[in-house]
Amino acid sequence: KALVVDLQGTVRAQASREYAYHQPRPGWVEQDATDWWDCLVDVTRRVTRGLPRPPLALSLSTQGDTMVPVDAEGLPLAPARVWMDRRGARQLARLRQCIPGERWIALTGSALAEYAAAVTLAWWADEMPDVFTAAERFCMVEDYLVGRLCGTYVLDAPNASRSLLFDLHSRDWCDELLAAVGVGRDRLATVAEAGTPVGTLRPEAADALHLPAETLVVVGAHDQTAGAVGCGAVAPGTVMLATGTAWVLLGAATKVHPAHPLQTYCHAMPGGIAVLAAYAGGAILRWARETLCRYAADALPDYDLLTQEAAESECADR
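Throughout what follows, the structure given in this document is the object of discussion. (Residues numbered from 1 in each chain as written. Predicted model: local features only at pLDDT ≥ 70, side-chain atom pairs only at ≥ 80, totals over all residues. Heavy atoms only, no water.)

1. Details of the sheet that holds strand β14 (residues 239-243)
A sheet is described by the order of its strands in space; here four strands give the open sequence β14-β15-β17-β16, paired in antiparallel fashion. Both outer strands of the open sheet, β14 and β16 (263-266), are each paired with one neighbouring strand and no more. Across the sheet, the mean angle separating the axes of adjacent strands is 25° when strand polarity is ignored. Inspection of the sheet shows strand β15 (residues 246-253) paired to strand β17 (residues 273-280) by eight bridges, in the antiparallel sense. (Pairing = 2+ DSSP bridges. Helix = DSSP H or I, 4+ residues; strand = E, 2+ residues; numbered from the N terminus. Axes fitted to C-alpha atoms, helices over the stretch in contact; angles between N-to-C directions.)

Here you go:
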């Protein structure tokens, strides 16, 4: 999804495009990272077409936890492992043996779980050692795209802290946890608070996006924390309900509240803390559409039609 917003916060244009995830085996969920870039280019071109003048800056709100290994040119070496993936049970157990679960919570604010990038890295080290060794760096969605936009790998604090390789108290990578998965800081992005300017567009990116090279790239945030800023859940005690791919409750705080099964991580407001509970949501609706609807694959109904038919069916049953 792309929005053009003016300095008063009014949305001037918007565009969107779906892209797929893949499930090559039970419990596996993957994406092709090049799809992220292709979709970014497509929606940016469409949302800025016809504007009286080009946007001043560009920033990203991205899915969390998903990670991809890249080479020295920033090109993917393997499919990205998505936050819904559940293949890492053995690595989860190994990491908990290495560092007790209570220690993970004390450092990161959240219990170590299979969704986390920490488990993804341990899985690649065990199951794809050639990819793990060859990777120049490991990127989450934000720094993968920021790298392609301006050539600098910078990751926002909310996304970095969701990796569970991040000390929530110092708001920086945790060397103790990095050692447990066998990755040094040099293979991860530099961390910055959401809203930090990174640079301007590389010439190739400017050409692809049809934007001026002087367009400023600004570090964004994990999608749920960005949404919380957008709807005003930033003061301690305010809470957002977000209904998308996942259903999420996110509360704003000023200090760490480690409490399993809640996830505690950095808010998009610099220095802030977010407390989150998440459950499968729209992903189930998408599964129902693609599995149960009697339509050709290229003619599946949109979600508005599905919800309209469900409402009509409910009314008919009364």
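2. Focus: the environment of Gly227
Checked against the element boundaries, Gly227 lands in helix α10 (residues 223-231). When the C-alpha positions of Gly227 and Asp304 are compared, they lie 22 Å apart, and in sequence the two are 77 residues distant.

3. Some words on α10
Every buried residue of α10 is listed here: Gln224, Thr225 and Ala228. Summarising the axial view, the buried residues of α10 lie within an arc of 100°, below the 170-degree limit, and thus occupy one face. Packing partners of the buried residues in α10 comprise α7 (157-162), β13 (216-222), β14, β15, β16 and β17. Positive phi appears at Gly232, one or two residues downstream of α10, with a value of about 95°. (Buried < 20%, exposed > 50% of the residue type's maximum accessible area, 1.4 Å probe, protein only. Arc of directions from axis to C-beta. Contact = heavy atoms within 4.5 Å.)

4. Regarding a nonpolar patch on the surface
Together, Val239, Leu241, Trp247, Leu249 and Tyr279 make up a nonpolar patch on the protein surface, roughly 580 Å² of accessible area in all. Those elements that place two or more of their residues in the nonpolar patch are β14 and β15. For Leu249, the position within the fold is in strand β15. (Patch = residues over 30% accessible without salt bridge, like charges linked within 9 Å, V, L, I, M, F, W, Y side chains within 5 Å. Areas by Shrake-Rupley, 256 points an atom, 1.4 Å probe, with all protein chains shown as cover. Salt bridge = Lys/Arg side-chain N within 4 Å of Asp/Glu carboxyl O.)

5. Observations concerning the nonpolar core
Phe138 and Leu149 are the most contacted members of the largest nonpolar core, which has 65 residues in total. The dominant element in this core, judged by the number of residues it contributes, is helix α4 (residues 117-127), at seven residues. The residues contacting Phe138, other than those within four sequence positions of it, are Met67, Val68, Pro69, Leu121, Trp124, Phe132, Asp143, Val183, Arg187 and Leu188. Residues Met240, Ala242, Tyr265 and Ala274 belong to the second largest nonpolar core, which totals ten residues. (Core = buried A, V, L, I, M, F, W, Y, C linked by side-chain atoms within 4.5 Å.)

6. A short note on the packing of aromatic side chains
Following the criterion strictly, the structure yields five aromatic pairs and no others. Ring centres of Trp28 and Trp123 lie 5.4 Å apart, and the angle between their planes is 85°; this geometry places the pair in the edge-to-face category. Of this pair, Trp28 sits in the loop between β2 (11-15) and β3 (30-31) while Trp123 sits in helix α4, and the two are 95 residues apart along the sequence. Looking at Trp123, the relative accessible area reads 7%, which means it is buried. When the centroid spacing of 5.9 Å and the interplanar angle of 20° are considered together, the rings of Trp124 and Phe138 count as stacked. (Phe/Tyr/Trp six-rings, centres within 6.5 Å; stacked < 30°, edge-to-face > 60°.)

7. Digging into empty space enclosed by the protein
For the coordinates displayed, the defined rule picks out two cavities of 30 Å³ or more. Ranked by the residues each element gives to the lining of the largest cavity, the list is headed by strand β7 (residues 137-140), at three residues. Partitioning the lining of the largest cavity into residue classes produces eight nonpolar, one polar and one charged. Of the voids in this model, the second largest cavity is the one considered here, and its volume is about 30 Å³. For the second largest cavity, the full set of lining residues is Ser110, Tyr115, Ser161, Arg162, Leu164, Gln263, Thr264 and Tyr265. (1 Å grid on protein atoms, 1.4 Å probe; cavity = no way out; pocket = protein on both sides within 12 Å on 5 of 7 lines; lining within 4 Å. Points joined across faces, edges and corners; volume = space filled by probe spheres on them. Nonpolar A, V, L, I, M, F, W, Y, C, P; charged D, E, K, R; others polar.)

8. As for the sheet that holds strand β4 (residues 57-62)
Strand order in the open sheet formed by three strands is β4-β13-β12, with mixed pairing between adjacent strands. Only two strands of the sheet have a single partner each, and these edge strands are β4 and β12 (197-200). Here the strands of the sheet are splayed against their neighbours by 30° on average, with no regard to which way each runs. Sheet topology note: the β12/β13 ladder contains three bridges and is antiparallel. Bridge pairing in β13 links Pro197 to Val218.

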